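Fold and geometry: a report
The residues making up each chain are set out below.
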Amino acid sequence: MFPALAFLNPWLLLGLATLPLIYLLLRTVPPRPRQIEFPPTRILVDIENKEKTPARTPWWLLLIRLLAAALVILALAEPILNPGKGAELTGKGPVVVLIDNGWSAGSDWSARASLATQIVDEAERQNRAVVIVGTAAATKAPAARIEAPSDARSTLAAVIPMPFAPDRKVTLDAVSSTLASAGDAAKSASVVWITDGIDHGGEAGPAADAMAKIADSGSFTVITMKPGTEALGVIASVAIDGKLAATVLRAGGAARAGIVHALSAKGERLGEAEFTLGAGAQRADLRIEMPLELRNQVTRIEIAGERSAGAVNLLDQRSQWQRIGLISGEAQEQAQPLLAQLYYVQKAVQPFAEIIRPNEKNLTLGIDKVIDENASVLILADVGTLDGAVAERVSQWVEKGGVLVRFAGPRLEKGGDELLPVPLRVGGRTLGGALSWSTPQPLAAMEDQSIFAGLAIPPDVAVRRQVLADPAMLTPEVKIWARLMDGTPLVTAKKLGEGQLVLFHVTANSDWSNLPISGLFVEMMKRVSQLGTLTSAPPNDGTSEDGAVVSTAEPQGAADAETLPPVATLDGQGALKPPPPTAQPIALSEADKVTASLDHPPGYYGGGGAPRAINVITPGLSLAPLPALPASAKYAGSGSEDAEPLKPWLLTAAVALVFADILAMLALMGAFALAKSATRTAALAVAVSIAALGIVSDRATAQGIDPEGGFGIPGLDIPGPQPRFIFPGRETEEPKPPVVPGKVEPADEPSIRATSKVTFGYVTTGTPEIDDVSRAGLEGLVRVLKQRTAVEPGKPIAVDIVKDEIAFFPVLYWPVPDNPEPLPDATLAKIDAYLKQGGMIIFDTRDYGQGVPTGMAMAGSRGPALQKLIGRLDLPRLEPVPENHVLTRSFYLLQSFPGRWDGGDLWVEAQEPEASESGDGGERRARQADGVTAILITPNDLASAWATDPQGRPLYAVVPGGERQREYAMRAGVNIVMHALTGNYKADQVHVPALLERLGQ
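All of these numbers come straight from a predicted model, not from anything done at the bench.

For the chain, the helix and strand inventory stands at 22 helices and 43 strands. Taken across its 1001 residues, the chain has 47% of its residues classed as buried. In the chain, 74% of the contacts between residues at least 6 apart in sequence involve partners at least 24 apart. Surface accessibility of the chain: about 49500 Å² in total, with carbon and sulfur atoms responsible for 57%.

It is worth spelling out the pairing of strand E4 (residues 130-134) at this point. Along E4, 5 of the 5 residues are buried, which leaves the element largely enclosed by surrounding structure. Burial along E4 is two-sided: the face carrying Val 130, Ile 132 and Gly 134 and the face carrying Val 131 and Val 133 are both buried. Alignment of strand E3 (residues 95-99) against E4, held across 5 bridges, turns out to be parallel. When the sheet's bridge partners are listed, Val 96 is paired in E4 with Val 131. Following the backbone out of E3, through helix H3 (residues 109-125) and into the adjacent parallel E4, one traces a crossover that is right-handed.

Here the focus is the packing of helix H9 (residues 363-372) against helix H10 (residues 388-399). Two packed helices can be described by the angle between their axes and the distance between those axes. Two elements in contact, H9 and H10, have axes whose closest approach is 10 Å; the angle formed by their N-to-C orientations is 20°. The orientation of H9 with respect to H10, classified from their angle, is roughly parallel. Pair H9 / H10 crosses with left-handed handedness. Where H9 abuts H10, its residues Thr 364, Ile 367, Asp 368, Ile 371 and Asp 372 lie against Val 390, Arg 393, Val 394 and Trp 397. Here the residues of the contact of H9 with H10 are counted per class, giving 5 nonpolar, 1 polar and 3 charged.

Attention shifts here to empty space enclosed by the protein. Applying the stated criterion across every chain, the model contains 3 cavities of 30 Å³ or more. Considering only enclosed or pocket space, the largest cavity measures out at about 160 Å³ in volume. Along its surface, the largest cavity is lined by 13 residues, and Thr 385, Val 390, Leu 828, Ala 829 and Arg 872 are the ones closest to its centre. Sorting the residues of the lining of the largest cavity by element identifies H9 and helix H16 (825-836) as the ones contributing at least two each. Looking at which element gives the most residues to the lining of the largest cavity, the answer is H16, with 4 residues.

The predicted model of the chain has a mean per-residue pLDDT of 79, with 77% of residues at 70 or higher. Contacts of residues 739-745 to residues separated by more than four positions or lying in other chains number 2 contacts, the stretch itself having pLDDT below 50. Long-range and interchain partners of residues 851-862, a stretch whose pLDDT sits below 50, account for 22 contacts in this model, where long-range means more than four residues apart.

Core analysis: the biggest nonpolar cluster contains 68 residues, and Ile 301, Phe 407 and Phe 452 have the highest contact counts within it. Per-element accounting of this core gives the leading share, 5 residues, to helix H11 (residues 519-529). Excluding residues that lie within four positions of it along the chain, Phe 407 makes contacts with Val 345, Ile 379, Leu 380, Ala 381, Asp 382, Leu 412, Phe 504, Val 506, Thr 507, Ala 508, Phe 521 and Met 525. Counting residues in hydrophobic clusters, the runner-up holds 34 residues, among them Val 811, Val 881, Leu 887 and Val 974.

So, about the sheet that holds strand E14 (residues 322-328). Pairing is mixed across the open sheet formed by 7 strands, whose spatial order is E15-E14-E16-E17-E24-E23-E22. Because the sheet does not close on itself, it has two edges, and the strands there are strand E15 (353-356) and strand E22 (478-483). For this sheet the average axis-to-axis angle between neighbouring strands, irrespective of direction, equals 20°. Bridge count for E14 against strand E16 (residues 377-381) is 5 bridges, and the pairing is parallel. Counted as the bridge partner of Ile 327 is Leu 380 from E16. The strands touched by H9 within the sheet are E14, E15 and E16, with E14 carrying the most contacts at an inclination of about 175°. Its contacts with the sheet place H11 against E14, E16, strand E17 (403-407), strand E23 (489-496) and strand E24 (499-504), and it is angled at close to 150° to E17.

Analysis parameters
Residues numbered from 1 in each chain as written. Predicted model: local features only at pLDDT ≥ 70, side-chain atom pairs only at ≥ 80, totals over all residues. Heavy atoms only, no water. Helix = DSSP H or I, 4+ residues; strand = E, 2+ residues; numbered from the N terminus. Buried < 20%, exposed > 50% of the residue type's maximum accessible area, 1.4 Å probe, protein only. Contact = heavy atoms within 4.5 Å. Areas by Shrake-Rupley, 256 points an atom, 1.4 Å probe, with all protein chains shown as cover. Pairing = 2+ DSSP bridges. Right-handed = clockwise from strand over helix to strand, strands pointing away. Axes fitted to C-alpha atoms, helices over the stretch in contact; angles between N-to-C directions. Parallel < 35°, antiparallel > 145°, perpendicular 65-115°, else oblique. Left-handed = near helix turned anticlockwise from the far one by under 90°. Nonpolar A, V, L, I, M, F, W, Y, C, P; charged D, E, K, R; others polar. 1 Å grid on protein atoms, 1.4 Å probe; cavity = no way out; pocket = protein on both sides within 12 Å on 5 of 7 lines; lining within 4 Å. Points joined across faces, edges and corners; volume = space filled by probe spheres on them. pLDDT = per-residue confidence, 0-100. Core = buried A, V, L, I, M, F, W, Y, C linked by side-chain atoms within 4.5 Å.

If you want it as structure tokens, here you go:
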């Protein structure tokens, strides 16, 4: 049995009738004469006067040309081998053609339109009216018209693929209304449904029942597309591991493979990954590997070869990973990580960010590392003051697009610095507890203009303590993104250049609120981190396929509006174009719930450099195949599995015959004879080139180039090492002397001496008298420690605070001169790192006996010397030593800490409120007591009271208590050293029973 053969354009076969005419034309046209070069005298030989008639075209050349023409005519007629069975139109009423023209129709729209055209042609042959309608309407009120076939063709031309799912119910309602108004003329209609094979939202079953009802006594035909051409959709996101993930979806079908491309805003291909769908498989997951910088430039994921809106997934900043730097102002976080400042922040941002945790203890070096690694968000927890060069660099970084996020803490209660969105009132606000009339405050609902709009507020989240914004400075430039129920700002922000300053008025841990341990905190941190632009994709500016410029860049501040206007949308074939007139803005609070539709086609909404992407295929969506259709439905494919178009094969054969004709003409003209001489010429050129290379090699050797092993000529890939260039007059570099193991350099001796034993340092002031007292005082204290304790300190070492390394010393004694020089920024950063990593500094102003105000007041306006020295240092809140502080019982039981003078207060880091005051069960106080107070300030001149000569005799008198006061000063020094070395050992309540038992013995 012979296979069936059909022609899509049979009328083009009339062109075969022109073949005789082509034959006659080719027969009378001779081939081009052969050109042969002769010497001039040769032309005179054998001259004949007879007229020559042109030779005819050889018969085999005529055959080649006629066959080529016949093959082109047959190809244009589009023959199909084993064509499928088309729709059978029975009945006498109008022919209703329903075309699924949703997002799934973009890739094979030409085939669907061709099928619809064939159906219209068949209806015209049967002299029947036609109703053409797409199931994805281009207007809000779709209309169906009964038309003549000639008019129906114009209607069909106006139907185009739409970038959203079809609404078959609305379309069928319009068709039913039109047929009902036609009366008896619309009875016995034929319904043809050209379907995409997808059950969009479970409405295909009811739609098929409605079609069968419309057909009534006529025919109901369902035409599916050719197997292997099923519509594909794609979803893209960033996985937990930070890699770009994509999922290819379909409703089912035969085995299929393809490639997914990752494109930038300018259409540059940045990455790709292959996928394979097995027979019947509905999804395939894949990963696209690329660096973070490239990954964040990806704004479009698309399936290669699929021209549809569903095969495109647009990405915005919500799906991009940011580099986030985390720096804490707290020290020794590893001791209790669950109570550390950055523990919950890191857990919150880890699923969608690349985290940078600098190992540097120096705050300045840590911030420099974060900025140098191109982080887009910098989070500082309880860092009170940024000053000098580091503040300038952070400010410049924010102005370029960085986001500085700061969390409050005891250090910010002093008022902060300039890199805050709003000035703060000095001191915090405690909510709840024995010393407060107020109660912990819950959070108010997020306002629509906030970036947290739409987030649900857990009822159990409450704030116990916060830093307060200055109400007079809450200008319109300051945005309040979150409030407490009483209206107090909880999260404030302000633009600085292209970046943002963001402040959480509570701590990043659970000290001041339980917000960090709630799910709301994760969502808040996710939205804040998406504000970064330094490692994000540039604004999505590009050019659409029709040449129109498409830009998502809106005037600054558009992203803060309550609605997101459409900026650029996808058409039915996945091209990004200006939005159509039907596109409507999206409310910011509803942006995450919007699905693609006529009012909201897929694309970018909102501006300000951070548009919101709306896609056809959304997470959680699956493509289901059509359910069982009514029994009256007849299936007809667009082509059977064995159907094969012959047009490509015929055109290929015609092109091959054309090339054969060209070769034959070249042979008749003698071109191949000339090719032999050309070969000889090429061989000569190669020989000349080789000779030239030899000359170049000789000259290179003469100029000092060592050609051993090969040549180093750019563009010439010759194996071997590159030449060595020897320049006259330049000597080779002398080898470095070998390093002798165990040899100690002189510069390392102080470091080794400071680390071989417990060693204390005293900061030199440049005044010999003060430095001698500091040295003698520490030597006297060391002598007492050796006599009374198990500590065996080494000899105290003088420290130049600007030049020397101070990390080796557990305790530094720093006498404050009367008029100190301000410290450089690098030195302040070094001191800050030392204090936050377990070091202790005793600042001794030595001015109690002079009648100068002492204590914490010295750090303010009444202490110019200390203020000038450490006023820019990021210090925590201080207080006089309380009665229950560990310093009062770390070795001796003390009530005061005298020195050469008695009466001045010793100031230490302030503890958190007692459990009875805070109402939190003592949790916050336990966290504060875990570390050693890093700073002590005293006016009592401790070193003078400790100072002794080599024989142990005191050098300076102490007043007014005499030797008894000196003994207490020595005990104070011992307690300070033991506190620095043992921390909160004596404060641990676990040891109380053992201590009481020993006291009873």
